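Survey of secondary and tertiary structure
Letter by letter, the chains look like this.
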Amino acid sequence: MADDQDPVATAAALLHRPALVVVAGPPGCGRTTLLRRIAETVPGPVHSGGGLAMLRANPALALSRAVRARLPAHDVHLLAEAVRSRVRGGLLVLDDLQYTDPATLAALPLLAGHCRVLVALRTPHRLPAAAATSLESTAAAWLTVPPLSRDAATDLARRTAAQLDPASVTAVVDRAGGNPLAITALARQAAAGRAPGGSGIDQVAYAIATALADLPRPARTALAALGLLGRPAPAALLGSGAADLRAAGLITDAPGGDLVPVSTYVAETAAGLLDAAGRVELHTRLAELTPPAEAARHLAAAGDPAGALRLALAAADQVSGGDRAALLLFACDLDTPIDPRVRIAAADAALAAGRPAAAARVLQPTGGDLASGRPDVAAGVRQPSGGDLAPGRPEAAKALTAGAPLGVEADVLRGEALLQAGSPAAARAAVAPVPDAAPAPVVAARDRVLLLAELATDPSNALDLADKITARYPDPPAGVAAALAAVHARHRSPGWDRELAAAANTGGDPVVARWSAWLLVEELVTDGRLVEAASAALTAARECAEQLAYGWQTRFAAAADWALALHGAPAPDQNHAGEPGHGGEPRRPGHAGEPRQPGHAGEPGQPGHAGEPGHAGEGGAGEGGAGGGAHGAGGPAPDEAHHRAGSGVRPEPAAHSGAAAGTDDLFGDGPDAVLKRSLNLADRAVPDEARGYATAAAALIEADTGLLGAARARLDGGVAHPAAAWVARETAWLDGQPERAAQGDDAGAHGLLTGLHAITARWASYDLGTKGAPPIPAGLPQAARRTLTAWATGTGFTAAADGWRPVALRERIRCLLAAGLTDGDPARAVAALLDAERLADAAGLTVLAGRARRGLRRHHVHRDTRSPRSGDQLTRRETDVLRLVAAGEPTRRIAGQLGISAETVDTHIRAGMRKLGARTRTEAAALAFATFPSETPKDGR
């Protein structure tokens, strides 16, 4: 029987008197460990023995090992009496009962009436049916070894390979399914950098394979099928072997009634045991039983690329968006001749899904790979499109239906892909062969690429080219209009934001609309209009989520979180509703910021298993660069009057966003929710642009709340990105390393980021005592320009702080800090520092609050009380965590000792720092036991 109760307590209760308790479970589940735990609980001497695989024919060997004596195996009753006389009131423990001989099995029911007997049996096994029935009828309890809990599995993976990052640990735990042996093997593989599911069989896999050999052939085939499928499957697909797998504890029910392996690793090991012919046969059989999209991949694995191509194209006609892109890209990678029309359709679908590098690659004339080695070909995402081969792009669709030459269509499509992948020069070269005599839609697409490539390389000349293109197109097509809007945005022509917003909402070509929406978000961030940028990004993310365009969705979600992290939660005295150009607090549209995983069970894009085809992750590391270098150094400063008056780019109304009544405001979730979303994105397979923004957002929040080590580690392991580069510089300053902060690199930064780099550099110079006032960069938002002017003149910081109210709370606080540290009037200085402390405490910015308090101490102002947010008593868990911090334990060891995740440990540390007003985790640990040495933590937790 399976027992939902604690098996140790159940067995111990039964073994206070003569009884037989059987502990059963699949290979690697921890039967021996459970036996030892039960034996330690039961009073009396323990007599331990067990079967041996190589000596299973030796009569009564398991019992002889337990009592350490030769036994009369020829007579079962005499054998039982001989054992009973030696065990008496002790506990007889036998492991690996599946390797014992018939005499031992026959003696156990006789012993159970006089002795306490505890045995472990691996499933599957090959015990004779009569012996198995006798055991079941005699046993007082038949306990199934439960899988490890997620926390226990995570702890085991970390103890096995302490160097693994959280994402790798999560992947190991997910794949192992709570099986300790699988967790250990996978963690070691991950630590050694070896890909799982290879052709080699390691010792752990060999042990599992030995156990699986005891399964009937139909059961082995069914388990191998689950390993090849990599998803739950109905019992009908698995055939008669499903019953044996269930009896062995190797499968369980998934939501919806399908069957799923308890451990994916065990199922993949079963698949790895197949020889080449058996694998081909099983793949071919699965292709007959699965939907076309999945069947195509099975046929490819079976060595039938032509059949796989046929099924992939048929499946592509039945789906839309990212699933369609994944299928067409998969088809283009098959080792069989591919119709050029399929390549054009694949590139078009990939572009719409936010994967420009993949789009450029499939159209590479020489067959080269723009992003060689990037596993992004078969990633699955979704978005709406029609059933034709070129959804959303009328020029490509017309060419495909009319049979027109495909060369120029491929050229402009490849040029667009290269442009969005961040290669404007290559984009210009790609469309150069397109003649003026080409069809009008193709010429328009060519002119769009040429204009945007010029904007990326020579913004001044792009204005002249824009004038010529405007003359050529009195009523420009959507793509050309979007390119002209990009030029106007770069040069801040009046109404540029309305133009970009209109281009983003055309409702036509998704490639043009999403590219324009992305450019709008980036330009709003450049101007310091973070509220509008976040709202626009969340709107776009919601729309992409509805269409399952995963690559674009993650970009927008990450950019929104970056804008929110930099803006900060509204201060107590901050109310956007009364400020021009903001129109009140925008509302977060549903869950647009939470990207959906690409693909689902059985759908294209599902992450791979056991080396099977089509399992690369979505949106690989090189799919970034959307926008094609639309920013550049030296642009004009934003028109401040125009900005203050409002541009017409308003936060979305609730009716448009789909936000129901009661949806939290944009900033209602607080920094912890933004941090959680950013960490979630940074740990996924997302485009570089999304990873860069997510890393910057997470690291900024961590650094501001005192988790400086975590922020540094995150930035060191992230991708190169302008936002992350400034956060790295700011983290060094917050950490008391002004010499490192003074050496930051602002390459690639524009507008607001350029100003932030300059402000951090001025703070570093102040801390180092360096004199001089470097020139103020051009093209800055007014708040940044006023701040740098105050640094240059030594006055005006309070006014500059007011300029940051609608932009960034932390920069407002820094201006107040600068006012308090530089003002010669003590009264004004103290007032500014008190304001800075109040705002920083309310927002949980522990490092800036600590700096304000240090400034107050210079004026002999000592803070005996704490803010409402930081004055709460510590919880028991926070106290436990800080006690281990005080003992010098690192985060991972704290997580292991307390049975919680490292992220939860960081959350408790951050909460403790906020409550205690500490600048670092070490200071929080010291303050915790100086402030509350003997108090009982609140709520008893």
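Note that residues are indexed from 1 along each chain, following the sequence as it is written. Given that this is a predicted model, residues contribute local features only at a pLDDT of at least 70 and side-chain atom pairs are listed and counted only at 80 or more, while totals for whole chains, interfaces and linings are drawn from all residues. Values reported for side chains reflect all heavy atoms of the structure, with hydrogen atoms and water molecules removed beforehand.

**Describing the nonpolar core**
To form a nonpolar core, buried Ala, Val, Leu, Ile, Met, Phe, Trp, Tyr and Cys residues must be joined to one another through side-chain atoms within 4.5 Å. Throughout, exposure labels follow a simple rule: accessible area from a 1.4 Å probe, protein chains only, divided by the maximum for the residue type, with under 20% read as buried, over 50% as exposed, and the rest as partly exposed. With 166 residues, the main nonpolar core has Phe 556, Trp 562, Trp 804 and Ile 813 as its most contacted residues. By the criteria applied, helices consist of DSSP H or I runs no shorter than four residues and strands consist of E runs no shorter than two, each listed in order from the N terminus. A per-element tally of this core places helix α30 (residues 550–567) first, with 12 residues. Working rule for contacts: check all heavy atoms of both residues, and any pair within 4.5 Å makes them a contact. Apart from residues lying up to four places away in sequence, Trp 804 is in contact with Leu 752, Leu 756, Ile 759, Ala 783, Ala 784, Thr 787, Glu 811, Arg 812 and Cys 815. Core analysis: the next-biggest nonpolar cluster, separate from the first, contains 42 residues, Leu 186, Ala 187, Leu 215 and Tyr 265 among them.

**Digging into the sheet that holds strand β1 (residues 19–25)**
Any two strands with at least two DSSP bridges between them are considered paired. Reading across the sheet, the 5 strands line up as β2-β3-β4-β1-β5 and stay open at both edges, with parallel pairing between neighbours. Both edges of this open sheet fall to β2 (46–50) and β5 (141–144), since each of them pairs with a single strand only. Adjacent strand axes in the sheet meet at a mean angle of 15 degrees when their direction is disregarded. Taken together, the 5 bridges between β2 and strand β3 (residues 91–95) define a ladder with parallel strand orientation. In the sheet register, Ser 48 faces β3, and the bridge partner there is Val 93. Whenever a helix is involved, its axis is fitted only over the stretch in contact; in every case the axis is a line through C-alpha atoms, and angles between N-to-C directions fall within 0 to 180 degrees. Strands β1, β2, β3 and β4 (116–122) of the sheet are contacted by helix α2 (residues 31–41), whose axis makes an angle of about 165 degrees with β4. Sitting on the sheet, helix α5 (residues 102–112) is in contact with β1, β3 and β4, with an inclination near 145 degrees to β4.

**Here we look at the packing of aromatic side chains**
Pairs of aromatic rings are described using the distance from one ring centre to the other and the angle between the two planes. Any pair of Phe, Tyr and Trp rings, taking the six-membered ring for Trp, is counted once the centres come within 6.5 Å. Such a pair is stacked with planes under 30 degrees apart, edge-to-face with planes over 60 apart, and tilted for the rest. Under the defined criterion, the tally for this structure stands at 10 aromatic pairs. For the ring pair Trp 518 and Phe 556, a centre distance of 5.6 Å and an interplane angle of 70 degrees mean the geometry is edge-to-face. You can see Trp 518 sitting in helix α28 (residues 510–526) and its partner Phe 556 sitting in helix α30, a full 38 residues away along the chain. A centroid spacing of 5.2 Å and a plane angle of 45 degrees characterise the contact between Trp 733 and Trp 763, whose relative ring orientation is tilted. Of this pair, Trp 733 sits in helix α36 (residues 722–734) while Trp 763 is found in helix α38 (residues 752–768), placing the two residues 30 residues apart along the sequence. Across the pair, Trp 763 and Trp 733 agree in class, each one buried. Ring-pair connections join several aromatic residues into one group, and the members of that group are Trp 518, Trp 552, Phe 556, Trp 562, Tyr 693 and Trp 726.

**What to know about the confidence of the model for the chain**
On average, residues of the chain carry a pLDDT of 80, and 81% of them reach 70 or more. pLDDT is a residue-level measure of predictor confidence that goes from 0 to 100. Residue range residues 367–405 is modelled with pLDDT below 50. Its contacts to residues more than four positions away, or to other chains, number 115 contacts. Of the regions scoring below 50 in pLDDT, residues 864–871 engages in 17 contacts with residues more than four places distant in sequence or in other chains.

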